[in-house]
Structure formats: C-alpha cells, structure tokens
Protein chains: 2
Amino acid sequence: MRARVEDDAQGRRQVYEACFEPCAIEKGMRIIGGKWTGSILWHLKDGPVRFNDLARMVGGASKKMITERLRQLETQGLVRREVMDTAPVSVHYEITEFGRSALGFLDELRKWSEGLPQEIHADG
Amino acid sequence: MRARVEDDAQGRRQVYEACFEPCAIEKGMRIIGGKWTGSILWHLKDGPVRFNDLARMVGGASKKMITERLRQLETQGLVRREVMDTAPVSVHYEITEFGRSALGFLDELRKWSEGLPQEIHADG
DNA sequence: CAGAATCCAACCGGATACTG
DNA sequence: CAGTATCCGGTTGGATTCTG
C-alpha cells in the first residue's frame, strides 16, 4: 500500500499508488457509501424489518429510494428479502451474514459521527 | 438507540427510531461517504501531499473534483491547506488531528472492501 | 504547478399517482 | 401493504480551456 514514486522521461517526479483505479476505500464507499444504503443496512441489525417500517426508520428517504437501495443490497447479498404469504402481503428484509460483516465499520462510523461537533455539516 | 413503537390514532402500528432525521450513520456518510472524499482523506494519512500528486494518487477523479472535495474537507477541519511560497507555487494538503480521527473507520472499511469477492460491484 | 471558469449531458432522487 | 410508473427539476461531475 505504499506509494510508488518515479520520474518520467522529462525527469519530472510522478507519484502513483498501489491502489489503482477504484482503490479499496473508494470501492467500499461505492457499495455502502451511497445515499441511504448504510443507514438501511444499519437498521436491519436487530432483526428482520418490514418494508414500511424500514421506510419510517430510515426517515427522509422516499419509498422509491428504499426500494432501489434494497434491491441493490439484495443482489449484492447483503440483504435477504422474504415474502410472507399473508393477506395483505408482508415482506421482511433481513440482513445476511455477509451484510453483518459490514456492521463493524458502520458502528465505527456511527461513533465517529456522534462525536462530531454541531457545526460540522455535510455541506461545506 | 432502540426503536420506538407506538400505535397511531387509527390503531395502526408505527415504528420510529431514536435516530431522527439524518441518523448518525447517514450524517457520517454525507461527510466522508461522498465520491472521492474518503479516498482523498485516506491518501493523506502518511503525511502532506501536493495537489497534483494527490490527484494522481486518487486516480480517476478530475482536478475539479479533487479541489471541491479538498475545500469541503478544509472547511470541515479535516484537512489543512498550506501554500509554500516557492516558484512555481507548491501547495501541501495535510490531514488534521480531527481528520485523523476518521482513519479508524476508513481502515475498517478498507479491510472489509479488500476481502470482498470479485463479483461484488458498486452497481447492482 | 495549482487551480478557476465554463459548458453541458447524465444521473439522481423527490413528488405524485396508481396497482395487485 | 409493498411496491411500480411516470414526470421532471436539480445536482453532479467529466471535458475542456484558460490563468498567475
């Protein structure tokens, strides 16, 4: 993970990194860093949650967003979708073991975020 | 952090969370979860880096993006900008102590991301 | 070198309405 | 309940050009 430093044909110093293209940080962020994604996963940690409950828990995200992020998490194997055949239909979303493996750093993020001074905002 | 469950006036069950509005996870993500932000911060962990070097290290981000994210990180106090009066001018970006407090989480993310199977992609 | 400025297509995501 | 469908304005962010 150390930087690679070399000089080009014109003798100018060039600095490269061992993490080409989407570096690990960036790659990870693209998976759980998206809007609502981390939050959704986090709210599943205590057990299965129904769609509308989840929407309320996340709070602020539209149903459209919740659905899209859940579908993404599902195809990535972080979340499992289970349809109970009741009437009216009930759908449970459950975090998988794999999804659970992300809870560690999400908790780190939570702790860091909660310790933040008020004057820090997402925008500038 | 437990969910609050109550029934509304019509007797329908409502589930709320102790994390109203931008919950901690979401808030944190909006600060370091943005495109390139985490990556930039990460690449400053070993010491000050010059603008163009940083751009190369992050790799893939345009100068415009690097600049915008750096300005954001600067006003949030995660990064310090230092102009050396040399000719041509040289600008160093350095992570602050506060910025360093986020490295724990970023490192956890990195480890998680590196252990990811190939078939997991940011898109679906 | 370290940006600032401009342009603009693509995507994002909220609002709303509708469905089985 | 658990979504889907459609509309559409706002934001994003890459490409390009220019500057002290």
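So, how was this worked out
- Residues numbered from 1 in each chain as written.
- Chains lettered and ligands numbered in written order.
- Predicted model: local features only at pLDDT ≥ 70, side-chain atom pairs only at ≥ 80, totals over all residues.
- Heavy atoms only, no water.
- UniProt positions renumbered as here; feature names shortened; annotations may be inferred.
- Helix = DSSP H or I, 4+ residues; strand = E, 2+ residues; numbered from the N terminus.
- Near = heavy atom within 4 Å.
- Polar contact = N/O pair within 3.5 Å; in protein donor to acceptor, adjacent residues only side chain to side chain.
- Pairing = 2+ DSSP bridges.
- Least-squares fit on C-alpha atoms with pLDDT ≥ 70 in both.
- Contact = heavy atoms within 4.5 Å.
- Nonpolar A, V, L, I, M, F, W, Y, C, P; charged D, E, K, R; others polar.
- Buried < 20%, exposed > 50% of the residue type's maximum accessible area, 1.4 Å probe, protein only.
- Axes fitted to C-alpha atoms, helices over the stretch in contact; angles between N-to-C directions.
- Parallel < 35°, antiparallel > 145°, perpendicular 65-115°, else oblique.

J.: Is there a simple way to explain the UniProt feature "domain: HTH hxlR-type" (unreviewed entry) in chain A in this structure?
T.: As annotated by UniProt and renumbered to match this structure, "domain: HTH hxlR-type" (unreviewed entry) occupies residues 23–121 of chain A. For the annotated span residues 23–121 of chain A, helix accounts for 53% and strand for 14% of the residues, and the straight-line distance between the end C-alpha atoms is 26 Å.

J.: For this particular structure, what's the right way to read the protein's contact with DNA strand D?
T.: Surrounding DNA strand D, one finds 18 residues, the nearest of these being R50, T67, R81 and Y93 of chain A together with K64 of chain B. Separating a phosphate oxygen of DNA strand D from a side-chain N or O atom of N52 of chain A is a distance of 3.2 Å. Between K63 of chain A and DNA strand D, the recorded distance is 3.0 Å, taken from a side-chain N or O atom to a base nitrogen. When residues of the surface near DNA strand D are assigned to their parent elements, the largest contribution, four residues, is made by helix α4 (residues 63–75) of chain A.

J.: Could you clarify how one ought to interpret the pairing of strand β4 (residues 79–84) of chain A in this entry?
T.: Consecutive residues of a regular strand have side chains that alternate between opposite faces of the sheet. Residue and element names in this part refer to chain A. As paired elements, β4 and strand β5 (residues 90–95) share six bridges and run antiparallel to each other. Note that in β5 the partner of V83 across the bridge is V91. Once β4 ends, the chain turns through five residues before running back antiparallel as β5.

J.: It is not clear to me how the relation of the copies chain A and chain B should be interpreted in this structure. Could you clarify?
T.: The two chain copies are connected by a rotation around an axis plus a translation along it. After a rotation of 180° and a shift along the axis of 0.0 Å, chain A superposes on chain B with an RMSD of 0.1 Å. In symmetry terms, the pair is related by a two-fold rotation axis. Mapped onto chain B, 100% of the interface residues of chain A are again interface residues, and the two copies thus contact each other with one and the same surface.

J.: Honestly, the protein's contact with DNA strand C in this entry has me stumped. Any pointers?
T.: In the region of DNA strand C, 18 residues are neighbours, and K64 and M65 of chain A together with R50, R81 and Y93 of chain B sit closest. In the interface set of DNA strand C, defined as its atoms within 4 Å of the protein, sugar plus phosphate atoms amount to 70%. Residue S62 of chain A places a side-chain N or O atom 3.4 Å away from a phosphate oxygen belonging to DNA strand C. In terms of residue count, helix α4 (residues 63–75) of chain B provides more of the surface near DNA strand C than any other element does, four residues in total. Considered class by class, the residues forming the surface near DNA strand C number six nonpolar, four polar and eight charged.

J.: What exactly am I supposed to notice about helix α1 (residues 24–32) of chain B here?
T.: An α-helical segment advances 3.6 residues per turn. Residues three or four places apart therefore align on the same side. With respect to burial, α1 of chain B is a largely interior element, seven of its nine residues being buried. Each element contacted by the buried residues of α1 of chain B is listed here: α1 (24–32), α2 (37–42) and α6 (103–114) of chain A together with α2 (37–42), α4 and α6 (103–114) of chain B.

J.: What is the right way to read the packing of helix α3 (residues 51–58) of chain A against α4 of chain A from this model?
T.: Geometry of a packed helix pair, given as the angle between the helix axes and the separation of the axes. Residues and elements named next belong to chain A. Interaxial distance between α3 and α4 falls to 10 Å at its minimum, and their mutual angle equals 110°. Here α4 runs roughly perpendicular to α3, going by the angle between their axes. For the pair formed by α3 and α4, the contact residues are F51, N52, L54, A55 and V58 on the first element and K63, I66, T67 and L70 on the second. Residue composition of the contact of α3 with α4, by class: six nonpolar, two polar and one charged.

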